[in-house]
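# Chain and residue survey
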Amino acid sequence: MDRKVVLCRCEDVTAHDVTRAVATGFDSLEEVKRYTGFGTGPCQGKDCLRLVAEHLAKLTDRPIHTLQPFTSRPPLHPVPLAALTPRTRGTPADKPTPAPVPSREGPRPPLSTSPGSSSATRRRQASRGSYEIAIVGGGIMGLALAYELACQGQSNVVVLEGRHLAWGASGRNGGGVRQQWSSALNIQLMQESVRICKSLAQRLRTNIWMRQGGYLFLATTAARVQRMEKNVALQNEHGVATRMIDVDEARRIVPALCTDGVRGACYNPTDGIVFPWPFLWGYAAAAEAKGVHIETFCPVTAMDARADGYELHTPRGTYQAHRVVNAAGAWSPEVARLLDVHLPTWPARHEILSTEALKPFLDPMVSVMDTGLYASQSLRGEVVGGITLHEHDAPGNTTPIALGSRLTFLRAMGAALTALLPQLGSVKVVRQWAGPYDHSPDGSPLLGEVPGRPGFFVCCGFVGHGFMMAPVVARHYARHLLGKATHPIFRAWRPSRFAEGEPVTEDWNIG
């Protein structure tokens, strides 16, 4: 009967969907939101939050007032993109531009704090004790690594996550997966990652909503075009089907595109997009099915080195592990400091917006290289995209990671997106959110054992590309940890390269 009881009309979420989420282990409102999609449509939970909360309280036998409300995303009401575009100075606006409501989410508590008053934890049965490998961080990198370790014979693994799954950057990104890079190492790596992604739905038994609509990069300067040509030639050498195209062909691929000022473009039809949430859930469920323990709302507050490994202290007890992998993304420096290890990485805030659903019109991910603008259309029809704002991108930035939303981003994104795709001017923005990039001094990751700390490994510094690289990096990292094989990435991206004066020269902002 509960299959017919609709709780969220925007996303067609039924009581049965919520019941299934709880049966799977997702029993907080934020987790149910990410698992079912309720509250992510135009109403932003205003119509469905009470209904879902009542059903969740009944299923979990908890008073409804003990359930923490999920974070609503600005704007308060859907706003047309054109209304967000800054007006020319001296030109009166037709009406005031609505300002987004500040997010209640705020900065993430430091890892030294307790998990707070969360109503539940996803993994109630995971036991404290001794493990071969402890992974700190339940994002896509940590979960994919845990899954690959189990696939390769090592399931005595625990994943410790300070919040719920999909809380951090892995649940806040655009889901792009591309093979267009400027070094042979990354081109080959991402070719393998795309191959893995194409088979993941079957391996994980989860629909990850993968769509290979391609990537279309646009350049507005002659220098950018020259770099594109060089990179495309290298990609072609390695079997990637990227090609240089002119503005007329760019418009044939995306008829709605405005190419004013565009000097050149490159296009690869085999790049794609996946939906981040089921991608993450799939890895988590598959890892658990193979014996991995996953603990959520379980932040690591201290670590002690022992003769046979490490002790990891949490508000829920102490875990022992022979080896530890720090896969905490933008929070990796905090984890490393628990062992007096300094990592040269730092966080940078990036924001994304999503529009109301539209009929399919945008096949590829489109990116303007000079501004960092990118936009794609999901299988559900929303246009999802972001643009680079550099306020906090300086090396060594120590600004706390704040994940609320800003009108500054909405204005910049509204202007850039409507200039690129003018027909979107009347399309409404439904939700906006922020997530952290995890920067390193040379823009490349840090992988491997930390010098001077035997058994303590890092897997961080992926900037905004960790999500697309997770499937392939996790596979090779598992082999590395199990002594089966060591991929060249562990030499190129070793943590000691900065002290040795050998940073990577890869141009991660290709073009």
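Structure's up top.
No experiment lies behind these values; they were computed from the predicted model shown.

## A short note on the overall build of the chain
- Check the secondary structure of the chain and you find 13 helices and 21 strands.
- Restricting the contact set of the chain to residue pairs at least 6 apart, pairs at least 24 apart contribute 75%.
- Of the roughly 20400 Å² that the chain leaves accessible, carbon and sulfur atoms contribute 52%.

## Let's talk about the packing of aromatic side chains
- Summed over the entire model, instances satisfying the criterion amount to 11 aromatic pairs.
- Seen from their ring centres, Tyr 215 and Phe 217 are 5.6 Å apart, and the 40° between their planes marks the pair as tilted.
- For Tyr 215, a relative accessible area of 6% corresponds to the buried category.
- By relative accessible area, Phe 217 is classed as buried at 6%.
- Through pairs of rings, three or more aromatic residues link up here, namely Tyr 147, Phe 279, Tyr 283 and Phe 467.
- Between Arg 172 and the ring centre of Trp 167, over which it is positioned, the NZ or CZ distance is 5.0 Å.
- In this structure, Arg 178 packs its charged tip against the face of Trp 181, placed 3.9 Å from the ring centre.

## Some words on the side chain of Thr 36
- Secondary-structure assignment places Thr 36 in helix α2 (residues 29–36).
- A distance of 2.7 Å separates a polar side-chain atom of Thr 36 from the backbone oxygen of Val 32.
- A polar atom in the side chain of Thr 36 sits 3.2 Å from the backbone nitrogen of Phe 38.
- Setting aside residues no more than four positions away along its own chain, Thr 36 makes contact with Val 13, Asp 17, Val 18 and Ala 21.

## Topic: the pattern of salt bridges
- Scanning all chains against the criterion turns up 18 salt bridges.
- Between Arg 380 and Glu 382 there is a salt bridge, and its shortest N-O distance comes to 2.6 Å.
- Of the residues examined, Glu 382 reaches a relative accessible area of 10% and is grouped as buried.
- Residue Glu 502 is joined to Arg 491 by a salt bridge in which the shortest nitrogen-to-oxygen separation is 3.5 Å. With Glu 502 in the segment after α13 (489–492) and Arg 491 in helix α13, this pair connects stretches of sequence that are 11 residues apart.

## A word on unusual backbone geometry
- Phi is positive for Asp 61, close to 55°, though the residue is something other than glycine.
- Its location among the elements puts Asp 61 in the loop between α3 (49–60) and β3 (79–80).
- Unlike most non-glycine residues, Phe 297 shows phi in positive territory, near 50°.
- Relative to the assigned elements, Phe 297 resides in the loop between β11 (293–295) and β12 (302–306).
- In this structure Phe 297 comes out as buried when scored by relative accessible area, which is 6%.

What counts and how
- Residues numbered from 1 in each chain as written.
- Predicted model: local features only at pLDDT ≥ 70, side-chain atom pairs only at ≥ 80, totals over all residues.
- Heavy atoms only, no water.
- Helix = DSSP H or I, 4+ residues; strand = E, 2+ residues; numbered from the N terminus.
- Contact = heavy atoms within 4.5 Å.
- Areas by Shrake-Rupley, 256 points an atom, 1.4 Å probe, with all protein chains shown as cover.
- Phe/Tyr/Trp six-rings, centres within 6.5 Å; stacked < 30°, edge-to-face > 60°.
- Buried < 20%, exposed > 50% of the residue type's maximum accessible area, 1.4 Å probe, protein only.
- Lys NZ or Arg CZ within 6 Å of the ring centre and 35° of its normal.
- Polar contact = N/O pair within 3.5 Å; in protein donor to acceptor, adjacent residues only side chain to side chain.
- Salt bridge = Lys/Arg side-chain N within 4 Å of Asp/Glu carboxyl O.

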